[in-house]
Each structure stands twice: as C-alpha cells, then as structure tokens.
Amino acid sequence: MNDLLLWAGALGPALLAEGLLARYEVLAYGAGWRTPTTELPQGVPYARGAAPEGPPDAYLVYLDGIGKRRVRDSRDGGQLVKAVLAGAPELRVLGQVQPYSPLADPLADRPVWAWLRRRVGLLLFLHNVMQTFVAADHRYRPLYNRAVGSQIATQLRLAGYQSGSGIPVVLLSYSGGAQVATGAVDELHTQLHAPLLLIMFGGFHNGANDLTHAEHVHQLTSANDRIERVGSWIFPQRRRLFRRSGWNRAVRAGKITVHRLDPATHVGPRSYISPTAQLPDGRSHLDRTADTVIALVRARRSAPAATEDPLP
C-alpha cells in the first residue's frame with residue numbers, strides 16, 4: 001500500500017508537468033515563438049529506398065508509436081522500415097518525422113531530457129502519451145494537425161516529392177501515430193495535393209479527424225490488441241452513435257477496410273512487429289506486418305485512383 005501511494009504521489013506531478021509541457025509546445029508553434037526544425041542530423045538521409053534519380057512508386061512515411069524519441073530510433077529498432085524496404089525497393093521511405101513534437105524537435109536530443117532519460121526514463125514515455133492526448137483534444141487538435149501535417153509535407157519535399165505529381169503518399173502509423181496520421185490528412189492535401197493512403201496497425205486515435213481527403217484507410221488489428229480496444233472505448237467519436245464524426249463518416253463511405261492480424265498483441269514478445277513470434281506458415285509477426293503493408297501499397301498502385309467524393 002505504501003509503495004502504491006509513493007508511485008501515485010510521484011506519478012501525479014509528473015503527469016501534470018507533462019500535460020503542461022505538451023500544451024506549451026503546440027502553443028509555441030501557434031504563436032510563432034519557435035520555428036519547426038527541418039534539418040536532420042549529419043548522416044541521416046531524408047529518405048531511403050528508391051533512388052532519387054527517378055520517381056518512386058510511392059512515398060511511405062512511418063509514424064511510430066509513443067516510443068519515438070529521436071530521429072534515428074523507433075520502438076522496434078527500425079526493423080519494420082528495413083523489412084518494408086527489403087520487400088519493396090520501389091518505395092521511398094521516411095522514418096524521421098517526429099509525430100509527438102509540433103516543433104519537429106526530437107525529445108531525447110534536448111539537453112534536459114537527455115539528462116532525465118538516464119535517470120527517469122518513464123518521463124519520456126509520459127511525454128509522448130500526453131502529446132497524443134493533446135493531439136486528440138478539440139481545443140488543440142486543429143493547431144496540432146497543422147503543425148505535424150506541415151512537418152510531414154516539408155520532409156516529403158526535402159525527400160524529393162513534387163506537389164501535384166500524383167505519386168501516392170502512404171502514412172503508415174503505429175499506435176498513437178494513428179492520431180497524427182489522421183490529423184495530417186487535410187494539411188497534406190492542401191500543401192501537396194497528394195493521393196493519400198493510410199495504413200494503421202494498433203491504431204490509437206479519437207476518430208474525430210476528417211478523412212474526406214484520404215483515398216482509403218486500412219486498419220490492421222487483432223483481437224488480442226487491448227490498447228487499441230481501449231482507444232475505441234474512451235473516445236466517443238469512435239462509437240457508432242456519433243454518426244457525424246470523421247471516422248464514422250469514412251466508415252459509411254466505405255473508406256475503412258479492416259485486416260485481422262490475430263493473434264498479435266499491441267506490445268511485447270507477440271506484438272505486430274515481433275521478429276521472434278512465429279505464425280503457422282513460418283513467418284514472424286514482423287514479416288507478416290511488412291508483407292501486408294507492401295501488398296496494400298502495391299494493390300493501390302495497380303488499382304485506378306479513387307475519385308474524391310464528399311462524405312455523407
């Protein structure tokens with residue numbers, strides 16, 4: 001009991017501090033106090049995959065879960081991006097976007113956070129959790145969406161994307177990255193006029209963002225993914241009762257396709273991106289997720305471009 005009270009006493013102030021810091025960053029962006037970062041660390045390319053001399057079949061932007069802390073890292077050590085690149089060299093893949101920073105400022109590279117990371121690693125996790133909820137908050141959501149959508153558009157241009165080229169942009173998102181992906185749709189459409197395909201696995205999002213300008217959304221899920229189910233429960237816009245929410249309008253328009261990846265879990269040794277969990281066909285969970293992503297991107301390439309109709 002004493003240990004529980006100690007944890008509660010420590011966690012409460014930490015959550016409060018993280019909530020304030022998360023809001024400060026999006027407000028600093030909106031007020032113009034700070035300019036979003038565009039340059040990458042030395043040696044980090046703006047994209048990997050298809051050679052820059054010619055247009056790729058598609059640009060794929062990976063928006064990682066709340067474990068994302070810096071340009072180079074990801075929850076799985078970059079294994080999913082590597083698997084996609086190995087199986088689909090015709091794609092140009094960007095993995096450097098900071099989905100939990102409206103200022104595109106990697107959390108773990110900030111001096112204070114680098115010090116804290118060595119001592120209180122939980123705070124890094126809490127920071128990105130709170131940023132996800134700020135992105136979902138109706139008071140901050142429009143500004144957050146514009147900030148991260150602009151960040152993605154800038155990184156795509158630096159990677160060679162030409163506005164109006166018609167080359168598809170795929171937003172591949174994991175967990176809380178789905179909130180960012182759905183929120184970036186309008187800004188990417190405005191800035192790049194790009195055909196947008198969303199692929200989310202274990203998607204944790206509030207369902208409020210407008211998906212009119214998305215061609216299609218592929219929802220990769222599993223009956224064993226408890227965190228995704230929590231998201232669909234705590235956010236009312238994900239429920240059928242809220243017919244006018246962005247998500248439910250997209251469902252009625254036939255823009256959402258669900259793909260089952262049972263028995264994967266959200267995190268852990270049997271997660272969607274586990275390289276060790278084996279399926280009956282001999283593939284790992286990581287292999288299946290990468291294969292599914294590649295198949296969906298290639299299927300979009302071979303299908304005629306979707307016409308954009310207003311959602312009912």
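Reading the values: the criteria
- Along each chain, residues carry numbers from 1 onward, in the same order as the chain's sequence is written.
- For this predicted model, a pLDDT threshold of at least 70 governs which residues receive local features, and a threshold of 80 or more governs which side-chain atom pairs are given and counted, while totals over whole chains, interfaces and linings are taken from all residues.
- Hydrogens are left out, water is left out, and the side-chain values use all remaining heavy atoms of the structure.
- Labels follow the DSSP assignment, with helices taken as runs of H or I lasting at least four residues and strands as runs of E lasting at least two, numbered in each case from the N terminus.
- To sort residues, take the accessible area from a 1.4 Å probe on protein chains only and compare it with the maximum for the residue type: under 20% means buried, over 50% means exposed, and anything in between is partly exposed.
- The contact criterion used is simple: two residues touch if any of their non-hydrogen atoms lie within 4.5 Å.
- For accessible areas, the Shrake-Rupley method is used with a probe of radius 1.4 Å. Any residue's cover is judged against the shown protein chains and nothing else.
- You can read pLDDT as the predictor saying how much it trusts each residue, on a scale of 0 to 100.
- Residues with no salt bridge and a relative accessible area higher than 30% make up the patches, which join like charges within 9 Å and nonpolar side chains (Val, Leu, Ile, Met, Phe, Trp, Tyr) within 5 Å.
- Any carboxyl oxygen of Asp or Glu within 4 Å of a side-chain nitrogen of Lys or Arg constitutes a salt bridge here.
- At least two DSSP bridges between two strands are required for those strands to pair.
- By nonpolar core is meant a set of buried Ala, Val, Leu, Ile, Met, Phe, Trp, Tyr and Cys residues that side-chain atoms within 4.5 Å join together.
- Ring pairs shown here join Phe, Tyr and Trp side chains whose ring centres sit within 6.5 Å, with only the six-membered ring taken for Trp; geometry is labelled stacked below 30 degrees between planes, edge-to-face above 60, and tilted in between.
- Consider the ring centre and the ring normal. A charge sits over the ring if Lys NZ or Arg CZ is within 6 Å of that centre and within 35 degrees of that normal.

Some points on the overall build of the protein chain
A tally of helices and strands in the protein chain yields nine helices and seven strands. Put simply, the protein chain has 312 residues, and 54% of those count as buried. Considering only contacts in the protein chain between residues 6 or more positions apart, those separated by 24 or more positions represent 76%. Counting only carbon and sulfur atoms, one obtains 58% of the accessible surface of the protein chain, whose full area is about 14,300 Å².

Comments concerning the confidence of the model for the protein chain
On average, residues of the protein chain carry a pLDDT of 81, and 70% of them reach 70 or more. For residues 1-12, every residue scores under 50 in pLDDT, and the model assigns this stretch four contacts once sequence neighbours within four places are set aside. Residue range residues 306-312 is modelled with pLDDT below 50. Its contacts to residues more than four positions away, or to other chains, number 16 contacts.

Thoughts on a nonpolar patch on the surface
The grouping of Val 230, Trp 233 and Ile 234 at the surface amounts to a nonpolar patch, some 300 Å² of accessible area in total. The residue Ile 234 is located in helix α7 (residues 226-234) in this model. Classification of Ile 234 as partly exposed rests on a relative accessible area of 32%.

Concerning the sheet that holds strand β4 (residues 169-174)
Ordered by their spatial adjacency, seven strands build an open sheet running β1-β3-β2-β4-β5-β6-β7, and the pairing between neighbours is mixed. Edge strands, defined here as strands with exactly one partner in the open sheet, are β1 (48-49) and β7 (256-260). Where strand β5 (residues 196-201) and strand β6 (residues 216-221) come together, five bridges link them in parallel fashion. Residue pairing in the sheet places Leu 198 in a bridge with Val 217 of β6.

Let's talk about the nonpolar core
Burial of nonpolar side chains together is a common tendency in soluble globular proteins. Among the nonpolar cores identified, the biggest contains 33 residues, and Val 61, Ile 152, Leu 156, Val 169, Leu 188, Leu 198 and Leu 211 are the most heavily contacted of them. Only β2 (58-63), α5 (141-158), β4, α6 (177-192), β5 and α8 (246-252) provide two or more residues apiece to this core. Of the residues forming this core, the biggest block, seven residues, is contributed by α6. The contacts of Leu 156, once residues within four sequence positions are left out, are Tyr 59, Val 61, Leu 94, Tyr 161, Val 169, Leu 188 and Leu 192. One finds Leu 80, Val 81, Tyr 174 and Phe 201 within the second-largest nonpolar core, a separate group that totals 27 residues.

Details of the packing of aromatic side chains
What the rule picks out here adds up to four aromatic pairs. Note on Tyr 174 and Phe 201: the rings are 4.6 Å apart at their centroids and 10° apart in plane angle, and the pair reads as stacked. Residue Tyr 174 is located in strand β4, and its partner Phe 201 is located in strand β5; the two are separated by 27 residues in the primary sequence. Residue Tyr 174 shares its accessibility class with Phe 201, and that shared class is buried. When the ring of Phe 204 is compared with that of Phe 235, the centres are 5.6 Å apart and the planes differ by 70°; the resulting orientation is edge-to-face. Of the two residues, Phe 204 sits in the loop between β5 and β6 while Phe 235 sits in the loop between α7 and α8, which places them 31 residues apart along the sequence. The class for Phe 235 is buried, based on a relative accessible area of 10%. Its guanidinium or amino end placed over the ring of Trp 247, Arg 238 lies 5.4 Å from that ring's centre, counting from NZ or CZ.

Some words on the side chain of Thr 289
Along the polypeptide, Thr 289 turns up in helix α9 (residues 285-302). Overall, the relative accessible area of 1% leaves Thr 289 in the buried class. If near-sequence neighbours (up to four positions away) are discounted, Thr 289 is found in contact with Leu 80, Leu 261 and Tyr 272.

Details of the pattern of salt bridges
On inspection of all chains with the given rule, the structure shows six salt bridges. Across the pair Arg 249 and Asp 210 runs a salt bridge whose closest N-O atoms are separated by 3.8 Å. One end of the pair, Arg 249, is in helix α8; the other, Asp 210, is in the loop between β5 and β6, and 39 residues separate them in sequence. In this structure, the salt-bridge partner of Asp 281 is Arg 283, at a minimum N-O distance of 2.9 Å. According to the relative accessible area criterion, Arg 283 is partly exposed, its value standing at 28%.

Structural notes on the environment of Ala 50
Among the secondary structure elements, Ala 50 is positioned in the loop between β1 and β2. Given the relative accessible area of 13%, Ala 50 is considered buried. Distance in space between the C-alpha atoms of Ala 50 and Leu 85 is 8.8 Å, their sequence separation being 35 residues. Beyond its immediate stretch of four places on either side in the chain, Ala 50 contacts Pro 56, Pro 89, Glu 90, Leu 91 and Arg 92.

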